[in-house]
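Remarks on the overall topology
Here are the chains, one letter per residue:
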Amino acid sequence: MTASSTHSEPHPLSIAVAAARSAGELIRSHFGKPLDVAGMYAHDIKLDLDVQSQELITEALLNAFPSHAIYGEEGIAGAQDSEWQWIVDPIDGTVNFFYSIPHFCISIALRHKEEIVLGVIYDPMRDELWEVERGGIPLLNGKPIQVSQRTLLSDAVVSVGMSKSPEIAIHATAILEKYVRRARKCRLMGSAALDLAYVACGRLDAYIEQAVSLWDVAAGKLLVEAAGGRADLTPRLDHPDKISVRAWNGTMDISVE
Ligand code: LIP
């Protein structure tokens, strides 16, 4: 199978888009309503809806590609020895969602061996869908996108994500302080995947976060790079399965050390 597929095979990008839209419809129908909480922690919330959304996406993906693997925020499914792995965040920005802040999304990527080959990010509240295939043109609601053309950090809007563990938060706060001084404005928006989608279409000039998970950033990395930017993912040595991310338009110098 290839990411673009043949006539007889389902098209992975179309399947991912349809899955993201169905999950988005489910999530949107619960927005602003009482929610069943699976777990409430000091810095995070787990909703039954996260699980329901991932189940819906898993069913759609594995129905089309029964031999593939699923690796999602809410668990794994499918053939874990497959070379084809779907990386799923069923609600990225769950805390925003829980507090009725309409800024969250669904993120779906497909990885073949070590390479991300497609990415879909869907914001169900604004009905905005970003999609890209490796080597293809990245789109927002069907229209080509590109990163911003700004060359100076002093003109830039930079989103700085805050992680949950105290030692990472201290580091992230220090970084935020540096960008607050150097950039035009900083933002802390609560959805890593949307931050990357916003960098890809030029709304943000950069996005930086110290510890995210692969499902938060897999689709967005491909979008940013296809849109002409850079997205550096660095595995953290101190936190297994966590990644530091720096994504930007590729033209600005974003170093603040
Ligand atoms: C969240 C992110 C948020 C980040 C959190 C968390 P979730 O994802 O997108 O921006 O700061 O660490 O990963 O838990 O809502 O899917």
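Summary of the structure given here. (Residues numbered from 1 in each chain as written. Predicted model: local features only at pLDDT ≥ 70, side-chain atom pairs only at ≥ 80, totals over all residues. Heavy atoms only, no water.)

Let us look at the pairing of strand E1 (residues 37–40). The side chains of a regular strand alternate, first on one face of the sheet and then on the other. Relative to strand E2 (residues 45–47), E1 runs antiparallel, the two sharing 3 bridges. The residue bridging Val37 from the neighbouring strand is Leu47, located in E2. Between the end of E1 and the start of E2, which pair antiparallel, lie 4 residues. (Pairing = 2+ DSSP bridges. Helix = DSSP H or I, 4+ residues; strand = E, 2+ residues; numbered from the N terminus.)

Next up on the list: the packing of aromatic side chains. Going through the model one piece at a time under the given rule, you end up with 7 aromatic pairs. Residues Tyr71 and Trp215 carry aromatic rings whose centres are separated by 5.5 Å and whose planes lie at 55 degrees to one another, so their mutual orientation is tilted. Taken as a pair, Tyr71 in strand E3 (residues 69–72) and Trp215 in helix H6 (residues 214–226) lie far apart in primary sequence, 144 residues in all. Site record: aromatic cluster; members linked through ring pairs are Phe31, Phe97 and Phe104. One Lys or Arg, Arg203, reaches over the ring of Tyr198 and ends 4.8 Å from the middle of that ring. Above the ring of Trp248, the side-chain terminus of Arg246 is found at 5.0 Å from the ring centroid. (Phe/Tyr/Trp six-rings, centres within 6.5 Å; stacked < 30°, edge-to-face > 60°. Lys NZ or Arg CZ within 6 Å of the ring centre and 35° of its normal.)

Another aspect to go through is the site of the ligand. Lining the immediate surroundings of the ligand are 13 residues, of which Glu73, Asp92, Gly93, Ala192 and Glu209 lie closest. A distance of 2.9 Å separates an oxygen atom of the ligand from a polar backbone atom of Thr94. One nitrogen or oxygen atom from the main chain of Ser191 is found 3.4 Å from an oxygen atom belonging to the ligand. Here the ligand loses 90% of its free accessible area of 380 Å² to cover by the protein chains. Considering every element that reaches the shell around the ligand, the biggest residue donor is strand E5 (residues 84–92), with 3 residues. Of the residues belonging to the shell around the ligand, the class tally is 3 nonpolar, 4 polar and 6 charged. Of the domains in this structure, domain 1 (12–144) and domain 2 (153–248) are the two that each give at least three residues to the shell around the ligand. (Near = heavy atom within 4 Å. Polar contact = N/O pair within 3.5 Å; in protein donor to acceptor, adjacent residues only side chain to side chain. Areas by Shrake-Rupley, 256 points an atom, 1.4 Å probe, with all protein chains shown as cover. Nonpolar A, V, L, I, M, F, W, Y, C, P; charged D, E, K, R; others polar. Domains from an automatic or database assignment.)

Our next topic: the sheet that holds strand E13 (residues 206–212). What the 5 strands build is an open sheet, ordered E12-E11-E13-E15-E14; its pairing is mixed. Each edge of the open sheet carries a strand with a single partner, namely strand E12 (185–187) and strand E14 (230–235). Along the sheet, successive strands turn relative to each other by an average axial angle of 15 degrees, direction set aside. Here strand E11 (residues 157–160) pairs with E12 via 3 bridges, running parallel. In the sheet register, Ser159 faces E12, and the bridge partner there is Arg187. Relative to E13, helix H4 (residues 166–182) is tilted by about 170 degrees, and along the sheet it contacts E11, E12 and E13. (Axes fitted to C-alpha atoms, helices over the stretch in contact; angles between N-to-C directions. Contact = heavy atoms within 4.5 Å.)

On to H4, then. The end-to-end C-alpha separation of H4 is 25 Å, in line with the 24 Å expected for 17 residues at 1.5 Å each. Taken together, the buried positions of H4 are Ile168, Ala172, Ile175 and Tyr179. Buried residues in H4, looked at end-on, bunch into an arc of 65 degrees, giving them a common side. Counted as exposed and oriented over 90 degrees from the buried face of H4: Pro166, Ile170, Val180 and Arg181. Tucked into the core, H4 has its buried residues touching E11, E12 and E13. (Expected span 1.5 Å × (residues − 1). Buried < 20%, exposed > 50% of the residue type's maximum accessible area, 1.4 Å probe, protein only. Arc of directions from axis to C-beta.)

Looking now at the nonpolar core. Judged by nonpolar contacts, the single largest core of 35 residues is most densely connected at Ile121, Trp130 and Leu223. Listed by contribution, the elements that provide at least two residues to this core are strand E6 (105–112), strand E7 (115–123), strand E8 (128–133), helix H5 (192–200), E13, H6 and strand E15 (243–248). Both of domain 1 (12–144) and domain 2 (153–248) provide at least three residues apiece to this core. Each residue touching Leu223, except ones within four places of it in the same chain, is listed here: Ile121, Trp130, Glu131, Val132, Pro138, Ile145, Ala197 and Ala200. Grouped together as the second largest cluster of nonpolar side chains are 31 residues, Leu13, Ala20, Leu62 and Tyr122 included. (Core = buried A, V, L, I, M, F, W, Y, C linked by side-chain atoms within 4.5 Å.)

This paragraph deals with unusual backbone geometry. Only a minority of non-glycine residues have a phi that is not negative, and only a minority of peptide bonds are not trans. The phi dihedral of Asn141 falls on the positive side, at around 45 degrees, and the residue is not glycine. As for its position among the elements, Asn141 is in the loop between strand E9 (139–140) and strand E10 (143–144).

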